[in-house]
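Residue-level structure breakdown
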Amino acid sequence: MSADVELQGVSIAFGDFYAAKNVNVKIEAGEFFSFLGPSGCGKTTLLRAVSGFLEPSNGKVLIGGQNMSGIGPNKRPTALIFQNLALFPLMSVADNIAFSLEVRGASKQARRKRADELLDLVALSGQGDKKVHELSGGQKQRVAIARALAVEPEVLLLDEPLSALDLKLRQKMRTELRAIQQRVGITFIYITHDQGEALTMSDRVGVMNDGQLEQVGSCYEVYQAPSTPFVATFVGENNAFAGKVDKISKGVALVNVDGMSFSGAVGKTIEGDQHPLSVGESVVLFVRPESLTLAKDTKTTKNKFSANIETIEFEGNVKNIYLKTSTKKSIRFSVPSVFDTSGLNPGTKIDLAFTSESAIVLPNGPLALD
Amino acid sequence: MEGFIKKNGSVVSTFFLVAITFWFVFLILIPQLYMLDLSFRPNLPPLLRGGPDDVYTLTHYKHFIFGSETSKDTYNYVDVGVFVDTIGTAILVTIINLCFCYPIAFYIAKLATPSATRLLILALIIPFWINELLRSFAIRILFAGEGVINNLLLEIGLLDVAINFIALDVALYTGLTYAYILLMIFPLYNALETLDTNQLEAAKDLGSSTLRTHWRIVIPHAKAGIASGSTMVFMLTAGALATPVVLSSPNTFWFTQLIYQWFNMNDNWSRGSAYSIILLVVSVAFVLLMMRLFKVTIGEVVR
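These notes cover the structure that comes with them. Just so it is clear, the model here is predicted, and its values are computed rather than measured.

Contacts between the two partners involve 16 residues from chain A, matched on the other side by 14 residues from chain B. Sorting the residues of the side of chain A that touches chain B by element identifies β6 (78–81) and α3 (99–103) of chain A as the ones contributing at least two each. Per-element accounting of the side of chain A that touches chain B gives the leading share, three residues, to α3(A). Class assignment of the residues belonging to the side of chain A that touches chain B gives a composition of 11 nonpolar, four polar and one charged.

This part takes up helix α9 (residues 181–193) of chain B. Residues and elements named next belong to chain B. Over its 13 residues, α9 runs 18 Å from end to end, which matches the ideal 18 Å to within 8%, given 1.5 Å per residue. Along α9, the positions that sit buried rather than exposed are Leu183, Met184, Ile185, Phe186, Pro187, Leu188, Tyr189, Ala191 and Leu192. As for α9, its buried residues are in contact with α4 (77–111), α5 (114–125), α11 (210–221) and α12 (223–238).

To continue, consider the sheet that holds strand β19 (residues 349–353) of chain A. All names here are of chain A. Judged by pairing direction, the sheet is antiparallel, and its five strands sit side by side in the order β15-β19-β16-β17-β18 without closing on themselves. Only two strands of the sheet have a single partner each, and these edge strands are β15 (293–294) and β18 (330–336). Examined bridge by bridge, β15 and β19 share two bridges and lie antiparallel to one another. Bridge pairing in β19 places Thr293 opposite Ala353.

This brings us to the environment of A:Asn345. Positionally, A:Asn345 belongs in the loop between β18 and β19. C-alpha of A:Asn345 to C-alpha of A:Thr311: the two residues are 34 residues apart in sequence and 7.8 Å apart in space.

Scoring rules and cut-offs
- Residues numbered from 1 in each chain as written.
- Chains lettered and ligands numbered in written order.
- Predicted model: local features only at pLDDT ≥ 70, side-chain atom pairs only at ≥ 80, totals over all residues.
- Contact = placed C-beta atoms within 7 Å.
- Helix = DSSP H or I, 4+ residues; strand = E, 2+ residues; numbered from the N terminus.
- Nonpolar A, V, L, I, M, F, W, Y, C, P; charged D, E, K, R; others polar.
- Expected span 1.5 Å × (residues − 1).
- Buried ≥ 20, exposed ≤ 12 C-beta atoms within 10 Å, placed from the backbone.
- Pairing = 2+ DSSP bridges.

Read these as geometric descriptors, not functional statements.
Here you go:
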């Protein structure tokens, strides 16, 4: 069984500080949904409101259409996986997993049987008698998942459970989590500050900043069509050019950036309409580092600018070239590793270009800090 | 040893070695060995000590069990009775103390805000700046026939006749429980403070009631602290003197009072020593047995 989760105007205040402000979202039953945002953006607070450890100051949390107000965490159809997993160190692996059954008074045999089933599900067969400290990081992770699934929750809540693992294991666990979610078919709500995690696992992502939900959409949407400058800069890398609107026609805005004229597609609002921009309005034009090309490789005469190379960074699959324009604007230009950069040295001045379709124009707003 | 001196410098090392040796040899080992030796010797006037009559004997231990040779009873019912009473009461006081301190320690360690924690710890410590004897008298004043509690209960009409709290040993139990409360709370607090709060939330999220969470998660985690606190409280209660002297009813006698009598009033240091050794050995044996039973190691208790 899986249930949908609906947050209706949820605000959570600690004194004068609002950790969540008027959050509205409907997470479908059986969906893998991620809340993505920087630390302190309120995503964990929101998860605690869903699990029942916190009551919203305003608004409602509905699970399966039922108002959860006043219902404690032990009575909700949810299970929470903690950031540090919070496995019980003094119990065996099987006792950990079957703790929720023990609570409900299940017999020893029934508990053991269920624990073994779940150990099979998370690929830890035969490890039930081990102590928690005898397991590796990835194995502990799976025990935590099995323990949470033992309550047969309709919604599984995960609070950055992979953050303590090393990169390789994290990537492996991503795939595995996604596979487990599809096998059990329940709703997963995942909290992370790691966009890689959010984008690879989720059906949809909700990007949060400063207690507010900035955008909800598929991974592709939030990456390709960000609604706010924050989303544009938090999800993936982006080059931001602040300027003023000169002209708008057919969904394309001509933007004056320090005297240069760039054109880009007008971005969409959270509701999916085009941002209603007006001439003279302050806007930001975004171009992804991988959307830039060397001007000599294109025939276009539009959207060209020159900059000086500062450093070149080798990242394995890509090379990042950092540049500064004459107006001291920092530019990041990414090329595949196979790209020949022999002629590009620090200090060299190069001309770059981009297409109007790959640029997005959004109303001015706060950017994500890097 | 060389490493220790190198690491800490010669002055600090010398101080440590001398201080620890002095403490262990002069303050613990020699007096205890002297008592042990004395307990196996007859009680002789000074002139006869070291003479032909000064031979090792079990007479004082026999006296504890079988009584004096002139007594008609088969066993020394009085002394053994006092001993059993003392140990039994010490066990009871330890249990009361634990039941009372566990919620307080849990509250301070896990639920209170930092400022409330400081305030509560202060409130617990400050009364112990007052000497033990004075605290005992204060409790006597509370529980006396014309004491604060009786007067209050009579005044508001809950009682018609004053209750003799002293004769009922209510005052004694209260006094003994309160006397060593800090030695229970602090080990418990230390143990509970290291418990990850997420564990409590995880248990709750998995459907556990508060009671079960304590039984399955918190108490097992705090086991070493419970053992450590209980050991100290039991040992000190069984060996307490000032509080029982002030608060026990006329017909309650504490084993330490008996020891005190042999040493001071009857001038029989040998028998006093034998009785002390009995109390020490039985208390230690009891504690070790309990640790065995609850599967706690000494290492955990002193951690």
